[in-house]
Amino acid sequence: MKTKIRMKLVAFSIGLAFAAALSLHAGPKQTMLMNRLGPSQMTLYIANADGSGEHPLFPSSGFDYNASFSPDGKWIVFTSERNGSGQADLYRVRADGSGLERLTDDPTLDDQAAFSPDGNQIAFVSTRGAHTANVWILDLKTRKLRNLTGGPALQARAGKLDGFFRPAWSPDGQWIAFSSDRNFDFKPHEFPQPGWEHPQELSIYIIHPDALGLRRLTTKEGASTGSPKWSPDSKRVVFYEVPTAHTFAARIYAQGMVTSQIVSVDIATGARVEQTAGPGLKVGPQYLSANKIAYLIKAGPNAGLAFTSGESGMKGMVRNPAWSPDGKQVVYQKVDFTARPQNQPLYSWDPDMDVQYTDVFPRFSRDGKLAISDIKNLATTSTASISVMNADGSSKKVVFSDKNGAAFVPTWSPDGLWIAFGFGGFFGARETTPAKLMMVRADGSQESKDLTKGLPNSGFPTWSPDGKKIIYRVWGAGEYGLRILNLDDSSIKTLTTELDNFPAYSPSGDLITFTRRDAKTLDYDIFTMRPDGTNVKRLTTTPGNDSHSSWSPDGKYILWSSARFGFKDEAPLYDNSFQPFAQIFIMKADGSDQHALTYSRWEDSMPAIVPPTAQKNTMTRASSR
């Protein structure tokens, strides 16, 4: 009972701080729209060891994932978001789907649970406390909790990644193995093409359950090693090994370009054995016997369950397989990336705010209309249209569509008649594909105008509140930074020349937020400046990328996404997620009072507070029905 009370107090304190920051108690309940790059559904299945005879673990899914068996094979512990999309807690259930029981109840993330050999404890990953991922231990009888990896001796140096993941208990109960990216730098990836997202270098560690005897098992330079599991005699640990430089590609569309191997190591001698060979992204190994290891081929023509013995397993897109101790059954999840509905409710960590899903780059007009880029899934960004709708997602209308490019970041003219946006190739395509600024009528007539030519690559515009200018970013051919387009005479003025992006005018027009790369750390941070380029002020200084900023309707606050809390799982285990470390943050316009608004395991980004005008329009429409 004391544990539950303490958890509720933590949740209340988080909500109270958030409410105070946004002054939400001063008026009607507010709504934040945000994009989440992650699955729209995850369903657990149980099957024979080779994947045959599968059936759902539950009659209906509650967004369930990362399951594993108890030592006697009678129970399955798993992560579920059935309490709200984004809010992850631990549950257990009998292998036949009966006896469901909730094990944790905390506003932060609980995930990746593994039973102790006697079945009385579980080790799991949680972001409670410091908001970074640590390994915790829960006693299932007393419900007492302790942080196994939270001690000062285990923490990374300041400014480094500091996550602990995928715990596994040795069969003799003497050790817990886990992976960690501790002391690895926040730095940009280089493969399959240079970009700003962070790679992750993991090493395997072991530690006694009393938090003593920490040892690092893997030290291969340039290699990331993850998902450790123990041999039946507790003498070896098996894991996957992938080039660190490829840990970004392993979680996006380039998975087929990545090769990893399954490796085991003797914990006494350090002797390595490569258990697999050849191409394919291989993850999730587990000993089924002293001489047989099962694993998952995540991508490629042979994707599916595989075994070092050469037996064939089920083919297809499954994730996180975990076999029963007797090797006869396997539990895994299937993932659905069907686009979430616009304005689908998401879990809110604050009782005075509703949070809803939106497609990318939401922008509001002065009268409360919403414009978005229709992309459905940022894993494929070659095309995108522009749609306009009411703030609640109703009366949606496509106002621009062209299959020859992507239309990103709609920005409204102050009178609400036009929408400007970038059109062409962006993100990875920006180096080779032109992009220009365009504007289109907001009434859906598809009347459009070109504002710039295709080179340099131009996009991510923001319209000045007086309607006379548009600020946007350029990229390529030796030109970088922000430019000012004067709409009266089509003249263009250079505002900045650094790697700047995502400009956004404040509602009053006195400031512009933007993202700039630090030349030394290569991190991106949030800055403000006056519209003429003076009074440049850096607002964020922590390691990890900060970007995608937007203003609250009253201009008092800035919302953005930040990587500062680091990864919450091993990067190669994600799908279609460029920045799985990103969470929504808020701060005052001067940069003070920075704190997180979301605590999910997914990439949360592109926040927008629904303005009062939109809320009034929504209430008016509701009352007239």
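Residues numbered from 1 in each chain as written. Predicted model: local features only at pLDDT ≥ 70, side-chain atom pairs only at ≥ 80, totals over all residues. Heavy atoms only, no water.

What follows deals with the packing of aromatic side chains. For the structure shown, the criterion picks out 25 aromatic pairs. Pairing Phe-178 with Tyr-205 gives two aromatic rings, centres 5.7 Å apart and planes at 10°, and the pair type is stacked. Taken together, the residues Phe-178 in strand E13 (residues 176-180) and Tyr-205 in strand E14 (residues 203-207) connect sequence positions 27 residues apart. The buried category is assigned to Phe-178, whose relative accessible area is 0%. (Phe/Tyr/Trp six-rings, centres within 6.5 Å; stacked < 30°, edge-to-face > 60°. Helix = DSSP H or I, 4+ residues; strand = E, 2+ residues; numbered from the N terminus. Buried < 20%, exposed > 50% of the residue type's maximum accessible area, 1.4 Å probe, protein only.)

By the element assignment, Thr-411 lies in strand E32 (residues 406-412). Polar side-chain contacts of Thr-411 include one of 2.9 Å to the backbone nitrogen of Trp-463. Those residues in contact with Thr-411, other than ones at most four positions away along the chain, are Trp-418, Ile-419, Ala-420, Pro-461, Thr-462 and Trp-463. (Polar contact = N/O pair within 3.5 Å; in protein donor to acceptor, adjacent residues only side chain to side chain. Contact = heavy atoms within 4.5 Å.)

Two side chains that carry opposite charge are able to pair once their charged atoms sit near each other. Taken as a whole and judged by the stated rule, the model has 30 salt bridges. One salt bridge in this structure joins Arg-92 and Glu-101, with 2.8 Å as the shortest N-O distance. Taking the relative accessible area as the measure of exposure, Arg-92 reaches 15% and is therefore buried. Residue classification places Glu-101 among the partly exposed positions, given a relative accessible area of 24%. A salt bridge links Arg-601 to Asp-111, with the shortest nitrogen-to-oxygen separation between them at 2.5 Å. In this pair, Arg-601 sits in the loop between strand E47 (595-596) and strand E48 (603-609) while Asp-111 sits in strand E8 (residues 110-115), placing the two residues 490 residues apart along the sequence. Considered together, Arg-601 and Asp-111 belong to a single accessibility category, that of buried residues. Bridged by salt links that share partners, the residues Asp-111, Arg-166, Asp-569 and Arg-601 form one connected network. (Salt bridge = Lys/Arg side-chain N within 4 Å of Asp/Glu carboxyl O.)

Right, let's get into the pairing of strand E44 (residues 546-551). It is a general feature of regular strands that their side chains alternate between the two faces of the sheet. Within E44, six of the six residues are buried, which leaves the element mostly enclosed by the surrounding structure. Two elements, E44 and strand E45 (residues 557-562), share four bridges in a ladder whose sense is antiparallel. The partner of Ser-547 across the bridge, within E45, is Ser-561. Connecting the antiparallel pair E44 and E45 is a turn made up of five residues, with Gly-555 showing a positive phi of about 75°. (Pairing = 2+ DSSP bridges.)

Read from one edge of the open sheet, four strands run E44-E45-E46-E47, paired in antiparallel fashion. Each edge of the open sheet carries a strand with a single partner, namely E44 and E47. As paired strands, E45 and strand E46 (residues 583-588) are joined by six bridges and run antiparallel to one another. Along E46, the bridge assignment pairs Leu-559 with Ile-586.

This is a description of form; function is not addressed.
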